[in-house]
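For reference, the chains in residue letters:
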Amino acid sequence: MSSKRPFYITTAIAYPNGVPHMGHAYEAIATDCIARFKRLDGYDVRFLTGTDEHGIKMLQTAQKAGLTPRELLARNVPRFQAMVEGFGLSNDDFIRTTEERHKASAQAIWEKMAANGDIYKSTYAGWYSVRDEAYYAEDETTLNSDGVRLGPQGTPVEWVEEDSYFFRLSAYQQKLLDYYAANPGFIMPEARRNEVVSFVSGGLQDLSISRTTFDWGIPVPGDPKHIMYVWVDALTNYITALGYPDTQADLFRTYWPANLHVIGKDIIRFHAVYWPAFLWSAGLAAPDRVFGHGFLFNRGEKMSKSVGNVVDPFDLLAAYGVDPVRYFFLREVSFGQDGSYSHDAIVARMNADLANDLGNLAQRSLSMIAKNLEGVVPTPGALSAEDEAILSLADGMLEKAREAMESQAIHHYLSAVWAVVAEANRYFAAAAPWALRKTDPEKMGTVLWVTAEVIRQIAILAQPVMPTSAAKLLDLLALPEDVRDFAHLGAGHRLASGGTLPAPVGVFPRYVEPEAAG
RNA sequence: GGCAGCGUAGCUCAGUUGGUGAGAGCGCCGGAUUCAUAACCCGGAGGUCGGCGGUUCAAGUCCGCCCGCUGCUACCA
């Protein structure tokens with residue numbers, strides 16, 4: 001067991017009845033950025049992602065394609081795994097809910113909840129929307145002009161009457177409200193918390209948690225005609241991956257309760273209401289925080305197949321490269337709010353922030369070291385007020401970044417780092433080392449050292465967003481692998497003088513439009 | 001209908017508990033420079049802070065009403 005503080009972070013598990021879209025990738029890179037940040041900041045991080053593979057929608061999609069569910073999964077899940085790979089995720093595990101370990105886990109939590117008296121059998125009759133995965137009361141539905149009955153979301157519903165097991169969610173209303181009150185950071189952003197509190201305050205109905213109308217799911221223990229409601233199945237993935245039901249094993253003891261579930265704002269209720277109740281019922285602790293991120297829009301429009309503006313995340317990778325795409329989404333979008341993207345916006349960020357500001361700064365300063373100092377890191381002389389000022393700003397980045405990341409304000413963390421990039425450019429221009437080369441070579445060396453030191457700290461802090469590019473930058477500074485974590489930021493670990501640097505190469509190329517088709 | 005939030009320069013947005021002449025980035029215009037990825041640096045253009053009214057010595061920042069937008073939720077039908 002590690003002496004480091006544990007940090008367990010998860011994405012939601014993706015529903016692979018289709019191929020990955022940019023929304024999946026967005027959640028993945030944001031969560032990965034947080035995981036990497038915590039790891040570099042000295043935490044013992046466990047990072048989980050995966051796929052949610054049961055449920056009637058999966059079955060129906062497969063049937064439409066003339067496939068079995070397993071065949072559909074065999075076709076789609078590798079795409080999600082390729083996305084995880086392609087976007088550079090540092091996950092420790094990839095869970096699939098069709099795995100045997102998960103079946104055992106889901107059945108175990110069911111039995112715990114049943115043993116606690118929270119599950120009872122009754123009859124459910126009502127209107128069910130497959131698309132919404134939800135039941136509606138008669139008066140919540142409407143008949144449209146074609147005689148088709150629709151649910152409140154406008155999706156078709158069908159009459160379902162079946163035996164069902166119910167979870168006594170109503171018994172947890174007050175406990176949930178108390179938990180929200182005692183843990184104001186449980187649901188973030190705050191606006192989401194208000195919505196959940198308001199919803200729970202309005203009263204909770206018991207939840208139907210089994211189905212008998214189809215069989216693509218995990219059988220209810222002792223009553224295999226029933227399969228579990230997908231959310232009981234899906235949410236449990238977070239503990240399955242820690243070895244549940246073996247709650248005494250190191251993995252579970254170390255990492256549960258989870259520190260952070262990163263999810264889309266559309267599934268807040270399942271994570272902030274149902275999930276804690278299930279856990280308490282099973283005698284387990286609720287997670288520390290559920291963060292609901294926003295949705296992405298393509299040029300301000302919601303992505304939809306009919307509009308034809310669905311963006312394939314792999315296309316973005318091919319067009320811009322993984323690190324620029326990661327940087328763009330994490331910098332441009334306020335984490336927790338909806339965001340918009342477009343080719344122009346991505347290129348603007350890529351060229352302005354990465355190529356012009358950071359990349360060019362590294363290139364111009366390092367190439368001066370290469371050309372004038374034979375690639376040897378100079379020894380600084382006496383530091384001027386300007387030297388001290390920029391170093392002090394660089395030293396202050398970590399605190400600001402940490403503070404931002406405490407509330408998952410990824411965009412604030414990045415803007416704090418890039419504010420220093422901008423200031424470093426001003427510093428460099430004002431110090432004009434190319435002029436000092438003739439008038440005051442020692443001072444030129446000092447300026448180049450200060451600049452390289454500032455770049456060192458920026459690169460270390462850029463690792464969570466752009467792991468590959470930041471590593472290249474650190475390679476250019478000949479920084480050993482074991483001194484690239486946040487413990488090596490600040491005045492206590494300045495860039496060593498005297499070392500020889502490799503020949504500088506561009507790390508962040510400008511994006512130039514491909515030649516117009518001729 | 002209820003609850004919550006939002007509406008600030010062309011665009012995307014910051015603006016702590018009300019107090020020097022309202023900001024940043026991008027874009028645009030002009031200048032400077034040549035170490036560098038035609039990049040960096042400097043300067044500028046420039047918005048009735050959605051509208052009206054109010055509180056205050058002082059409001060983008062508080063109160064009321066109105067308009068527009070978003071989310072959650074309820075209900076009518």
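Our subject is the structure listed above.
Bear in mind the structure is a predicted one, so any value in this text is a computation, not a measurement. (Residues numbered from 1 in each chain as written. Chains lettered and ligands numbered in written order. Predicted model: local features only at pLDDT ≥ 70, side-chain atom pairs only at ≥ 80, totals over all residues. Heavy atoms only, no water.)

## Overview of the pairing of strand β2 (residues 44–51)
Next up, step 1: Of all eight residues making up β2, eight are buried, and the element is well covered by its neighbours.
Next up, step 2: Along β2, one buried face is formed by Asp44, Arg46, Leu48 and Gly50 and the opposite face, lined by Val45, Phe47, Thr49 and Thr51, is buried too.
Next up, step 3: Pairing of strand β1 (residues 6–11) with β2 involves five bridges; the strand directions are parallel. Directly across from Phe7, in β2, lies its bridge partner Val45.
Next up, step 4: Regarding topology, helix α1 (residues 22–40) serves as the crossover connection from β1 to the parallel β2, and that connection is right-handed.
Next up, step 5: Bridging between β2 and strand β3 (residues 93–96) involves four bridges; their strand directions are parallel. Directly across from Thr51, in β3, lies its bridge partner Arg96. (Buried < 20%, exposed > 50% of the residue type's maximum accessible area, 1.4 Å probe, protein only. Helix = DSSP H or I, 4+ residues; strand = E, 2+ residues; numbered from the N terminus. Pairing = 2+ DSSP bridges. Right-handed = clockwise from strand over helix to strand, strands pointing away.)

## Section: the pairing of strand β8 (residues 158–167)
Next up, step 1: The pairing of strand β4 (residues 119–129) with β8 spans 10 bridges and is antiparallel. Within β8, the position partnered with Trp127 by the bridge is Trp159.

## Some thoughts on the nonpolar core
Next up, step 1: The biggest cluster of nonpolar side chains holds 112 residues, and the ones touching the most others in it are Phe329, Ile410, Tyr413 and Trp418.
Next up, step 2: For this core, the element with the highest residue contribution is helix α18 (residues 441–462), accounting for 13 residues.
Next up, step 3: Not counting chain neighbours up to four residues away, the residues in contact with Ile410 comprise Ala30, Cys33, Ile34, Leu330, Phe335 and Met405.
Next up, step 4: If you look at the next biggest cluster of nonpolar residues, it comprises 60 residues, including Ile13, Tyr179, Ile263 and Tyr274. (Core = buried A, V, L, I, M, F, W, Y, C linked by side-chain atoms within 4.5 Å. Contact = heavy atoms within 4.5 Å.)

## What about the sheet that holds β2?
Next up, step 1: The six strands are arranged β3-β2-β1-β14-β15-β9 in an open sheet whose pairing can be described as parallel. Two strands lie at the open edges of the sheet, namely β3 and β9 (187–188), each paired on one side alone.

## Looking at the packing of aromatic side chains
Next up, step 1: Under the counting rule described, the total for this entry stands at 27 aromatic pairs.
Next up, step 2: Consider the rings of Phe37 and Tyr413, whose centres lie 5.1 Å apart with planes at 75°: the pair is edge-to-face. Of this pair, Phe37 sits in helix α1 while Tyr413 is found in helix α16 (residues 410–431), placing the two residues 376 residues apart along the sequence.
Next up, step 3: The class for Phe37 is buried, based on a relative accessible area of 2%.
Next up, step 4: You can call Tyr413 buried: its relative accessible area is 0%.
Next up, step 5: An angle of 70° between the planes, with centres 5.0 Å apart, marks the rings of Tyr179 and Phe186 as edge-to-face.
Next up, step 6: Taking the relative accessible area as the measure of exposure, Tyr179 reaches 17% and is therefore buried.
Next up, step 7: Across the ring face of Tyr43, the terminal group of Lys38 is positioned such that the distance to the ring centre comes to 4.3 Å.
Next up, step 8: Over the face of the ring belonging to Phe199 we find Arg269, whose NZ or CZ atom lies 3.6 Å from the ring centre. (Phe/Tyr/Trp six-rings, centres within 6.5 Å; stacked < 30°, edge-to-face > 60°. Lys NZ or Arg CZ within 6 Å of the ring centre and 35° of its normal.)

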